[in-house]
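Survey of secondary and tertiary structure
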Amino acid sequence: MKPKRTGKPGWRAGQCVLLALGLSLTAAVQAGDDLLTMPALPASRAEHSLQVDLARAGSRLVSVGERGNILFSDDQGLHWQQARVPVSVMLTAVTFSTDKLGWAVGHDGVVLQSDDAGASWRKVLDGNQLNQLAVEDWQQQVARLQTELAASQSNQVSATVSTGDNPQTEQTAADTANDAADLQTTPEDAEAALDDARAAVSDGPGNPLLDVLFVSPEIGMVVGAYGQIARTEDGGKSWHSWQSQMDNPDHNHYNALVRLDSGRLLLAGEAGLLMSSDDQGSSWQRLDSPYEGSYFGLLSAGADTYLLGLRGHVFVSEDQGDSWQPVKLDTALTTNAGLFSDGQLAIVGNSGLMISGQPGQPLTTATLPGRRTHSAIAAVPGYWVVAGEGGLTRIARTQP
């Protein structure tokens with residue numbers, strides 16, 4: 001069966017509201033301009049533009065957002081400077097694997113790298129290359145599955161021509177027949193995915209990446225819409241599509257990645273998609289999901305893990321994602337991102353939603369001024385720094 005391309009707008013970064021804002025460009029950007037080659041323009045009030053994600057580069061704060069804007073602050077978010085960025089696409093996520101080495105991703109499948117704590121960036125990958133990597137991935141998968149099917153069918157023939165009434169021989173024949181039956185639809189599904197990948201090459205680099213995670217300076221992965229996932233093991237010098245390795249036949253969006261203190265990786269996305277990896281992202285296993293709606297954030301809080309989703313659906317796990325319990329909240333607003341700092345949880349979401357408290361204790365909800373959607377939060381002494389529709393804002397913390 002051909003994989004379904006849902007087209008649902010359940011993407012990270014504030015969902016439909018921020019996505020729509022990110023896709024609209026100023027009159028200075030003319031139709032037909034290639035935003036993957038146009039450097040981000042200087043902006044006098046860039047810190048008040050749409051900002052989507054935040055990360056720390058040592059003591060520095062780094063933010064990414066619309067029109068390729070990357071900003072950094074060396075005074076705990078009081079003042080911001082604009083980084084040198086070679087693209088003008090919407091950027092959706094940023095992370096640092098060391099105090100200096102950073103990665104950012106965004107629309108049109110762009111992947112950026114910085115080696116100076118976010119002051120300047122270079123493009124290392126984009127959607128054109130990701131699309132071609134996906135074609136190569138599915139070509140290899142089709143060839144492998146066809147070889148396995150042929151071998152299984154050959155084993156079945158060999159088993160069924162054996163003589164006598166040996167029960168062990170009959171069982172072997174049954175097992176090989178079942179193996180062949182299991183494989184018969186798999187090459188067809190892989191070929192359908194290959195057709196989709198080839199179509200994406202023709203369509204161009206349209207799909208966004210939505211999160212990035214590096215477990216070391218060498219090993220990292222990027223994920224995004226329609227099941228996009230790629231992995232590097234050499235610090236971004238080479239990349240490999242990982243789509244065929246994933247149990248995601250409907251090509252649901254991947255929205256959020258997190259590394260737990262134990263080293264386990266969790267991946268969450270559209271339509272209740274939830275996966276784990278215990279080998280640095282080399283292989284992934286489906287987890288039982290407590291909710292069929294979309295998830296937009298994952299939060300590691302010591303021994304606990306929080307899963308953030310649509311309409312106030314927040315869940316907590318005490319066993320690294322193997323089981324989940326609902327968190328009782330006085331809100332039906334979507335939650336997007338969170339932070340655990342100094343023993344305190346802080347979660348932000350749509351319409352100014354902010355949730356705070358301590359793990360294992362009842363959480364309280366509040367509304368931030370302006371009721372804007374926020375998609376990232378960082379901690380500085382005495383304040384939270386939030387990113388979203390209104391740009392970057394410092395919010396006084398009511399607890400240490």
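Just above, that's the structure.
I will try to describe carefully the structure that is included in this document. (Residues numbered from 1 in each chain as written. Predicted model: local features only at pLDDT ≥ 70, side-chain atom pairs only at ≥ 80, totals over all residues. Heavy atoms only, no water.)

1. Topic: the overall build of the chain
- Within the chain, the regular secondary structure consists of four helices and 27 strands.
- Within the chain, the proportion of its 400 residues that are buried is 56%.
- Taking the contacts inside the chain whose residues are at least 6 apart along the sequence as the reference set, 50% of them involve residues at least 24 apart.
- Summing over all exposed atoms, the chain offers an accessible surface of approximately 17300 Å²; the carbon and sulfur share of this is 48%. (Helix = DSSP H or I, 4+ residues; strand = E, 2+ residues; numbered from the N terminus. Buried < 20%, exposed > 50% of the residue type's maximum accessible area, 1.4 Å probe, protein only. Contact = heavy atoms within 4.5 Å. Areas by Shrake-Rupley, 256 points an atom, 1.4 Å probe, with all protein chains shown as cover.)

2. Some remarks on the packing of aromatic side chains
- Summed over all chains, the structure comprises six aromatic pairs.
- Plain terms: the ring middles of phenylalanine 214 and tryptophan 239 are 6.4 Å apart, the flat faces sit at 85 degrees to each other, and that makes the pair edge-to-face. Placement of phenylalanine 214 in strand β9 (residues 209–214) and of tryptophan 239 in the loop between β11 (229–232) and β12 (240–241) is noted, with a sequence separation of 25 residues between them. As far as the burial class goes, phenylalanine 214 and tryptophan 239 line up, both buried.
- Pairing tyrosine 291 with phenylalanine 315 gives two aromatic rings, centres 6.2 Å apart and planes at 35 degrees, and the pair type is tilted. Of this pair, tyrosine 291 sits in the loop between β16 (285–286) and β17 (295–301) while phenylalanine 315 sits in strand β19 (residues 314–317); the two residues are 24 residues apart in sequence, bridging distant segments of the chain.
- Look at phenylalanine 315 and you get buried, because its relative accessible area is 6%.
- Through pairs of rings, three or more aromatic residues link up here, namely Trp103, Phe214 and Trp239.
- Directly above the ring of tryptophan 242 sits arginine 231, whose terminal nitrogen or CZ lies 5.3 Å from the centroid. (Phe/Tyr/Trp six-rings, centres within 6.5 Å; stacked < 30°, edge-to-face > 60°. Lys NZ or Arg CZ within 6 Å of the ring centre and 35° of its normal.)

3. Looking at the sheet that holds strand β25 (residues 374–380)
- Pairing in this open sheet of three strands is antiparallel, and the strands run β25-β26-β27 from one edge to the other. This sheet does not close on itself; its edge strands, each paired only once, are β25 and β27 (391–396). Across the sheet, the mean angle separating the axes of adjacent strands is 25 degrees when strand polarity is ignored. (Pairing = 2+ DSSP bridges. Axes fitted to C-alpha atoms, helices over the stretch in contact; angles between N-to-C directions.)

4. Regarding the sheet that holds strand β3 (residues 70–73)
- With respect to topology, four strands assemble into an open sheet ordered β1-β2-β3-β4, the strand pairing being antiparallel. Strands at the two margins of the open sheet, each flanked by one partner only, are β1 (51–57) and β4 (81–82).
- In terms of strand pairing, strand β2 (residues 60–65) meets β3 through four bridges, oriented antiparallel. Residue pairing in the sheet places valine 64 in a bridge with isoleucine 70 of β3.

5. Points about the pattern of salt bridges
- Within this structure, the stated rule accounts for nine salt bridges.
- Between arginine 67 and glutamate 66 there is a salt bridge, with its nearest N and O atoms 3.0 Å apart.
- For arginine 67, a relative accessible area of 27% corresponds to the partly exposed category.
- A relative accessible area of 8% places glutamate 66 in the buried class. (Salt bridge = Lys/Arg side-chain N within 4 Å of Asp/Glu carboxyl O.)

This is a description of form; function is not addressed.
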